[in-house]
Structure formats: structure tokens, C-alpha cells
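The chain contents come next:
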Number of protein chains: 2
Amino acid sequence: MASNWCCHHLSQKFLFRSPSSPAVLQRRLKFPFCPPHSVISASASLTLSSDFTWDDVDRLSQPQPKQNDSSDLRGFFEKVTLCNRNSEKQCEFIPFVIEGHIVGYVHNGFSEHLRRYEHVFTFPEDTSFGRHVALHPSLNSSEHRTEAIADVVNSLSEKHIPGIRNELYPVTSSFGTPDFFSLERAAAPYFGIKAYGVHMNGYVERDGEKYLWIGKRSKVKPTYPGKLDHLVAGGLPHGISCGENLVKECEEEAGIPRSISSKATAVGAVSYMDIDGYRFKRDVLFCYDLKLPEDFIPVNEDGEVESFKLVPVTHVTNIIKSTNMFKENCNLVIIDFLFRHGYIKPEGLGYLKLLQSLRSGDCT
Amino acid sequence: MASNWCCHHLSQKFLFRSPSSPAVLQRRLKFPFCPPHSVISASASLTLSSDFTWDDVDRLSQPQPKQNDSSDLRGFFEKVTLCNRNSEKQCEFIPFVIEGHIVGYVHNGFSEHLRRYEHVFTFPEDTSFGRHVALHPSLNSSEHRTEAIADVVNSLSEKHIPGIRNELYPVTSSFGTPDFFSLERAAAPYFGIKAYGVHMNGYVERDGEKYLWIGKRSKVKPTYPGKLDHLVAGGLPHGISCGENLVKECEEEAGIPRSISSKATAVGAVSYMDIDGYRFKRDVLFCYDLKLPEDFIPVNEDGEVESFKLVPVTHVTNIIKSTNMFKENCNLVIIDFLFRHGYIKPEGLGYLKLLQSLRSGDCT
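Keep in mind that what you see is a predicted model, and the values were worked out from it rather than measured. Sequence order sets the numbering: in each chain, residues are counted from 1 along the sequence as written. Naming scheme: in the order in which they are written, chains are lettered from A and ligands are numbered from 1. Totals for whole chains, interfaces and linings use all residues, but because this is a predicted model, local features are given only for residues with pLDDT of at least 70 and pairs of side-chain atoms are given and counted only at 80 or more. No hydrogens and no water enter the side-chain calculation; it runs on all heavy atoms of the structure.

K.L.:
Quick one: what's the story with the overall build of chain A, residue by residue and with numbers?
P.N.:
Strands here mean DSSP runs of E at least two residues long; helices mean DSSP runs of H or I at least four residues long; both are numbered from the N terminus. When its secondary structure is counted, chain A shows 10 helices and 17 strands. When accessible area is computed with a 1.4 Å probe and restricted to protein chains, residues below 20% of their type maximum are described as buried, those above 50% as exposed, and intermediate ones as partly exposed. In chain A, which comprises 364 residues, the share counted as buried stands at 57%. The contact definition used throughout considers only heavy atoms, calling two residues in contact when any of these lie within 4.5 Å. A fraction of 71% describes how many contacts in chain A between residues 6 or more apart in sequence connect residues 24 or more apart. For the area figures, the Shrake-Rupley method with a 1.4 Å probe applies, and any residue is considered shielded solely by the protein chains shown. When the accessible surface of chain A is split by element, carbon and sulfur atoms take 52% of a total near 15300 Å².

K.L.:
For the relation of the copies chain A and chain B, give the residues involved together with the corresponding values.
P.N.:
Alignment of copies: least-squares fit on C-alpha atoms of residues with pLDDT of at least 70 in both copies. Laying chain A over chain B is done by rotating through 180 degrees and shifting 0.0 Å along the axis; what remains is an RMSD of 0.0 Å. Within this description, the copies of the chain are treated as partners about a two-fold rotation axis. Rotation axis and chain A: the residue whose C-alpha lies nearest the axis is Arg340(A), separated from it by 3.8 Å.

K.L.:
Go over the pairing of strand β15 (residues 265-276) of chain A, please, and point to the residues and values.
P.N.:
All names here are of chain A. For β15, the buried fraction is high: 10 of the 12 residues fall into the buried class. DSSP-based pairing: two strands are paired if at least 2 bridges between them are found. Relative to strand β16 (residues 279-291), β15 runs antiparallel, the two being bridged by 11 bridges. Paired with Gly-268 across the two strands is Cys-287, which belongs to β16. Taking the residues between adjacent antiparallel strands as the criterion, β15 and β16 are bridged by two residues, where Gly-277 takes a positive phi near 65 degrees.

K.L.:
So what's going on with the interface of chain A and chain B? Which residues, and what values?
P.N.:
At the junction of the two partners, chain A supplies 33 residues and chain B supplies 32 residues. Accessible-area loss on putting two parts together, using a 1.4 Å probe and summing over both, is the definition of buried area adopted here. Taking both partners together, chain A and chain B bury about 2500 Å²; carbon and sulfur atoms supply 64% of that area. By the criterion of area lost to chain B, the three top residues of chain A are Pro346(A), Leu352(A) and Arg359(A), representing 23% of everything that side buries. Should a side-chain nitrogen of Lys or Arg be within 4 Å of a carboxyl oxygen of Asp or Glu, the pair is scored as a salt bridge. Summed over the shared surface of chain A and chain B, the number is zero salt bridges. The term polar contact refers here to a pair of N or O atoms within 3.5 Å; inside protein, the definition further demands a hydrogen-donor-capable atom paired with an acceptor-capable atom, and it admits residues adjacent in sequence only when both atoms are side-chain atoms. The interface formed by chain A and chain B holds 10 residue pairs in polar contact (both at pLDDT 80 or more) in total.

K.L.:
Before we move on, can you summarise helix α9 (residues 328-340) of chain A with the specific residues and values?
P.N.:
Residue and element names in this part refer to chain A. Counting buried positions along α9 gives 12 out of 13 residues, so the element sits mostly inside the fold. Among the residues of α9, those classed as buried are Asn-329, Cys-330, Asn-331, Leu-332, Val-333, Ile-334, Ile-335, Asp-336, Phe-337, Leu-338, Phe-339 and Arg-340. Of the residues flanking the end of α9, it is Gly-342, one or two places downstream, whose phi is positive at about 80 degrees.

K.L.:
Explain the packing of helix α3 (residues 74-83) of chain A against helix α8 (residues 313-322) of chain A to me, using residue names and the numbers behind them.
P.N.:
Residues and elements named next belong to chain A. Axis definition: a line fitted to C-alpha atoms, limited for helices to the stretch in contact. Angles are taken between N-to-C directions and run from 0 to 180 degrees. With their axes 7 Å apart at the nearest point, α3 and α8 run at an angle of 60 degrees to one another. One finds that α3 runs oblique with respect to α8. Taken as a pair, α3 and α8 cross one another with a handedness that is left-handed. Here Gly-75, Phe-76 and Lys-79 of α3 come into contact with α8, specifically with Thr-317, Ile-320 and Lys-321. Amino acids are sorted into nonpolar (Ala, Val, Leu, Ile, Met, Phe, Trp, Tyr, Cys and Pro), charged (Asp, Glu, Lys and Arg) and polar (every other residue, Gly among them). In terms of residue class, the contact of α3 with α8 is built from two nonpolar, two polar and two charged. Orientation labels follow simple angle bins: below 35 degrees gives roughly parallel, above 145 gives roughly antiparallel, 65 to 115 gives roughly perpendicular, and whatever is left gives oblique. Crossing handedness is read from the near helix: turned anticlockwise from the far helix by less than a right angle, it gives a left-handed crossing, and turned clockwise, a right-handed one.

K.L.:
Tell me what's going on with the pattern of salt bridges, and back it up with residues and numbers.
P.N.:
Going through the model one piece at a time under the given rule, you end up with 37 salt bridges over all chains. One salt bridge connects Lys291(B) with Glu205(B), and the closest N-O pair in it is separated by 3.2 Å. Taken together, the positions of Lys291(B) in strand β16 (residues 279-291) and Glu205(B) in strand β11 (residues 194-206) put the pair 86 residues apart, joining distant regions of the chain. Residue Lys291(B) is classed as partly exposed on the basis of its relative accessible area, which comes to 49%. Since its relative accessible area comes to 28%, Glu205(B) is described here as partly exposed. The partner of Asp289(B) in a salt bridge is Arg340(B), and the shortest N-O contact between them spans 2.9 Å. Taken together, the residues Asp289(B) in strand β16 and Arg340(B) in helix α9 (residues 328-340) connect sequence positions 51 residues apart. Comparing Asp289(B) with Arg340(B) shows no difference in burial state: the two are buried. Residues participating in the shared-partner salt-bridge network are Arg85(A), Asp274(A) and Asp276(A).

Dropping the structure here:
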């Protein structure tokens with residue numbers, strides 16, 4: 001039984017069903033990912049307080065009444081929608097252009113904060129990009145740009161860019177092209193920079209059934225405390241390849257030695273775009289699968305994970321469909337896993353739409 | 001060695017390198033799938049006469065000089081381009097609209113043939129669709145439409161719609177929605193109808209290495225004679241699910257019993273759109289993987305396959321990159337396999353663009 005594999009148990013907490021306000025329902029029904037003939041409100045997910053326990057996970061991962069229809073993909077569509085909010089508000093952003101390439105998007109309101117830094121930002125208007133944000137012509141090298149923008153970010157950090165992480169992300173127009181400069185990770189969504197990450201599904205196969213190793217994030221993490229997470233996931237910082245970054249994260253997050261992690265298989269990518277106030281997240285996640293030895297037990301080494309548990313994939317499916325327990329973007333990577341491993345079948349209603357919705361963001 | 005698994009050998013034939021005319025090169029370089037920094041002409045594939053042999057396949061599947069760089073994805077981009085020709089000619093087609101839904105596209109030239117059938121086709125112009133093809137209002141049921149259009153197709157078949165197969169395809173606006181009528185398979189591209197199919201990668205794992213079972217099409221097949229093909233593939237006719245159709249095709253094409261074929265895993269879909277004169281192919285292929293027992297030997301039971309051979313995946317990769325031996329659309333499904341099984345890595349130049357290009361058609 002999966003519960004034998006739980007590394008840590010906590011007491012049970014209060015659960016409640018999410019209110020479905022008319023505005024929320026209207027947004028859901030307008031969303032282009034709606035499967036045909038759907039009435040999404042009927043399958044609204046359970047929303048939980050952030051300090052749910054593995055006992056809650058166990059209970060809600062059991063097949064619920066009315067949930068046995070594997071052709072009903074509505075719970076998955078909802079999770080995709082959660083990662084792709086407010087796409088209609090793109091018109092509130094203007095492009096951030098460097099050397100003729102769009103590298104990001106800045107909200108009209110946030111751009112007002114940047115106007116104070118005339119030696120760094122300019123606001124030209126031309127026929128190619130319309131009104132846009134550009135850099136002062138004197139900032140003509142990666143080093144100059146990185147330094148000048150870091151000063152701005154530091155200056156804005158107290159009031160306008162919370163959660164500085166002192167981690168630099170490369171700024172490019174598309175993956176694999178040269179960086180224009182590097183930017184503090186926490187500032188990336190304020191500049192609408194594309195951010196890349198690696199997410200790994202660590203799984204075990206026993207008697208023909210597959211199990212996923214699931215992490216539960218530490219309750220003291222600044223982002224998504226207490227939520228369910230992949231065994232291993234991380235942003236892709238400046239100057240490291242996806243494969244090398246994954247090996248590093250495997251070691252730090254789950255104590256997986258290189259001898260095992262080097263066997264992880266690159267399996268594709270998902271993307272999403274999420275607008276939340278001045279923040280425009282444009283994320284691309286490179287997905288990996290790693291089939292682990294049956295007797296492997298992960299050990300978190302950086303304090304960011306409270307505990308791990310091995311959960312049958314069929315139970316993970318139920319958790320995703322009927323709760324919001326997972327950190328939002330993990331849902332996409334696990335839904336991709338469910339597609340590739342045959343848990344979601346073409347007979348499901350809206351199969352192709354769901355498949356495509358996993359790359360709703362600019363996946364370049 | 002893989003050659004031990006060849007079921008049939010034939011004599012060696014003439015090979016030649018494809019001419020790269022300026023027009024061809026220009027089209028390639030304009031194509032949006034070009035990876036960054038690419039000069040695609042440098043990796044132009046070998047083009048072969050259709051009666052190449054397994055000996056030729058063996059020879060060309062060996063790593064070639066200058067071909068060892070796994071980050072060079074240009075040979076794959078070329079194959080995607082082959083399935084997505086002439087996208088700039090979409091403006092020569094007008095929509096085919098039924099009950100307010102676009103179900104296809106008809107070339108301006110072909111529409112002139114349809115004008116003779118006033119009791120079947122009308123050519124209205126409105127603000128929603130512009131000038132378009134519609135059906136006569138009296139054709140208000142699926143049965144009436146199917147019958148009336150079958151008469152037109154039969155009447156046009158001798159001169160304008162060659163290769164009638166007496167196989168009906170469902171006509172829908174998107175997969176899983178009710179059919180508006182059914183149409184002869186050979187006529188589908190003349191009406192720009194979306195056609196769905198199932199393609200299966202049959203593979204074997206030995207000592208940690210994966211091998212794909214490859215078919216060689218009969219030389220007397222009317223379409224793509226002598227080309228390499230999947231172990232099992234077929235169009236999705238009216239009135240059968242993907243899963244059931246796959247089991248049926250497994251039996252007919254490769255002698256795979258239901259006890260094995262029912263274990264095939266649905267793994268996603270690819271799509272393409274190809275314009276060739278009056279023909280507008282809009283195909284969506286549901287992809288399946290089937291891990292076969294090591295001792296399984298496929299046997300073709302419908303005469304459409306000349307022979308099968310088990311080929312290491314690394315060799316299949318070389319064949320796809322450097323030749324045109326595979327039936328064009330099989331390349332897409334195998335490239336998808338290479339992505340999902342880690343043979344193509346994020347470190348490859350243009351990884352995300354290639355991944356996305358596998359769904360260049362309307363994948364709905």
C-alpha cells in the first residue's frame with residue numbers, strides 16, 4: 001500500500017469547497033480550453049487550506065462518487081486554467097524590446113515606476129512594436145545591462161518587487177539564443193521575461209502499476225508553502241544546461257545521486273502564461289521522467305521539502321482532478337505524464353484540446 | 001545484430017542526392033520551423049528511388065561522418081517541412097461551412113467543378129466566413145448529405161478525384177463532436193476535411209537498448225509504394241474509436257493478437273497541414289507506443305506490407321535525419337517517439353521549435 005511509503009504524517013485539517021461566484025464561472029466558461037459540451041462548474045475542485053496533511057491527500061485520492069468516468073477531463077482543464085489566468089489583460093502590457101527582439105512585457109502601471117530611471121529605460125514608439133520599453137543606448141553590453149537593471153530592481157524591491165532571491169535568470173528572446181542580459185529571478189514576471197525550468201516526474205513501477213514520488217513543500221517556504229510538488233523541480237539559472245541543472249536539483253532536493261539522476265529522460269516541455277496584476281509569468285518547463293529503483297527513498301537536503309510520499313498514479317490523477325493541492329504548474333507536468341503514459345486516452349472528451357492547452361504559453 | 005531480424009531482403013538499387021534548387025532553398029529558409037542560426041541546405045537529405053532495399057536502409061542507418069552531433073536537429077526539421085508544404089497558399093482556398101462550423105477548405109479551382117451540382121453546393125458570401133462553400137438547405141441530415149456528396153464524388157472520380165477507396169471518413173469540425181456527414185476517404189483532401197488516424201510505434205527493449213519494428217510498404221500499394229512505415233498505422237473510419245481501430249489494425253497489418261495490442265499506450269497526437277494543388281490535407285494522428293515481447297515476430301495479414309525489420313532506435317534516427325525513406329507522416333510520429341524517449345534533448349538546437357512543429361496542423 002502506498003501509505004507504507006509515507007515519510008511523515010501530520011494531523012488532519014479543515015477542508016472546504018471553493019465558492020463558485022458568477023464572475024469565476026463566467027471566466028471559466030469563456031476560457032478557450034473548455035472542452036466541447038462542458039459545464040465546468042459541475043466539477044469544481046476542492047480548495048484546501050495550505051496546511052492539509054498526507055491523511056487528507058490519502059482520503060481525497062480515493063475515487064470519489066461521480067468521479068469514475070475516465071473520459072471526463074474537466075478537472076484537468078480547470079488546472080490548466082489556473083496556470084493561464086487573465087489572458088484578456090495582455091493589452092495592458094507593452095513589449096520590452098532589445099536589439100529588435102521582444103524579450104518581455106511590462107504592465108502600463110509598472111512602466112510608470114521605470115520612468116524614474118531615465119539613464120536605464122526609454123519609451124520609444126515605432127511602427128514595428130508600437131509604444132514599448134527599451135534600454136538606454138549606452139547599455140550596449142550584457143554586463144552593463146545586468147548591472148544597471150540590478151540597481152533598478154534593488155531600488156524597487158522594497159515596495160514593488162517583493163521576494164528577492166539573489167538568483168539570476170538569463171534574458172533571451174527564445175531558448176538557446178544568446179542572452180541579452182541577466183535578471184533577478186523575482187523580477188522576471190514584472191518584466192514579463194520568459195523563465196525556463198526543469199520538472200521531473202520520479203516514478204516507480206511495481207507489479208505493472210506506476211507510482212509517483214510526490215513532495216510536500218515546507219510550510220516555511222515563501223512560495224506555495226505546504227503544497228504538493230514534484231520529486232524534483234527548479235528554475236533554470238544563467239549558465240547551466242537543463243540536463244546539468246536537473247542532476248544538481250536531484251542531489252539537493254531529493255538526495256538522488258548522479259549515478260541514478262543521469263538516467264533521467266527528457267520527454268518534452270509545457271508552457272503557460274499567467275497575468276496577475278503587474279506580473280506576467282511566461283514560463284516554459286522542460287519535463288523529465290526518472291524511473292527509480294523500487295527501494296530508493298528520497299531525502300531532502302536543502303530543507304525545502306517537508307516530506308515525500310509514493311502515491312499510485314491513479315490516485316495522483318484523482319488528486320489533480322478534484323483538489324488544488326498541487327503547486328499550480330506541477331499539474332501541467334503531471335498531466336503531460338498522464339498523456340504520455342496512457343492514463344488519458346483519445347476517448348476522453350476534449351483530449352486534443354487538453355493536450356494542446358499544456359503549451360498555452362509562448363513555448364520558444 | 002538488427003540484421004538478424006530482417007524478414008525479407010532485396011537487391012540494392014540506385015541512390016541519388018536531392019537537387020537543392022534556389023527555389024527549394026528559399027522556401028526552406030522562409031519556413032517558420034527553421035531552427036535559430038540554421039543553414040538548412042547543409043544537411044539536405046538523401047532522396048531515394050522508391051525501390052530501395054533493406055540493405056540500403058542498413059547502410060544509411062549507420063552514423064555518417066559529420067552526423068554524430070546529436071544537437072543538430074536540422075534533418076528532423078526538414079522532415080516536418082515535407083509534411084507541411086505550401087502553407088502560403090491557404091489564401092487560394094475558401095472555407096466549407098456546415099451549420100455555422102468550418103469543416104474543411106476547397107480550392108478556388110476545385111470549387112468550379114462543384115458549381116455544376118447546384119442541388120448540392122451553394123456559394124454564399126457573408127460577414128462571418130466571406131465567400132464560402134455551403135450545402136443546399138434541403139440536405140439537412142447526415143444521411144442526405146452523405147448520399148448527395150457521394151454522388152458528386154463518384155461523378156468527379158474519374159477525372160478529378162483519383163484513387164477512390166470506398167472507405168468513409170466522418171466529417172466534423174473537431175474530434176469527438178457529432179459528424180455532419182461521411183465522406184469517401186480519397187475525397188477528403190479535395191474538401192480539406194480533417195482526417196484522423198492512429199499510428200503505433202512497436203518497440204522492443206533488449207539490454208537497455210530500444211529497437212523499433214519498421215515495415216516496408218508493398219511495392220504495389222497505390223500510395224507510397226516501397227516506403228518505410230510504422231509497424232501499424234491506419235486512418236480512423238466512421239464509427240469506431242481510436243483504441244478499437246488500433247486493435248483491428250494491429251491484427252490486420254502485423255498479426256498482433258488483442259491480448260498484446262490491448263496493452264498499447266496512447267501517448268498523444270501530432271498534426272500537419274499540407275497543400276498540394278487542389279488537395280489540402282489536414283491530418284491529426286493519434287500516437288501509440290506498444291512494447292512488444294522480445295520474441296514477437298510480426299506477420300502482415302493484408303498484403304500491404306512487404307516485410308518487417310527490427311532496427312535500433314539510434315539507427316532509425318539516422319535514417320530519418322539523412323534520408324526520405326519513410327512515408328512522410330511517419331517521420332512526425334517517430335520524432336515524437338524520439339522526444340518522449342529522450343533521444344532528442346533540450347540541448348539540441350531548436351528543441352522547442354521542433355517539439356511544437358509536430359503539431360503544425362489544426363490539432364482539434
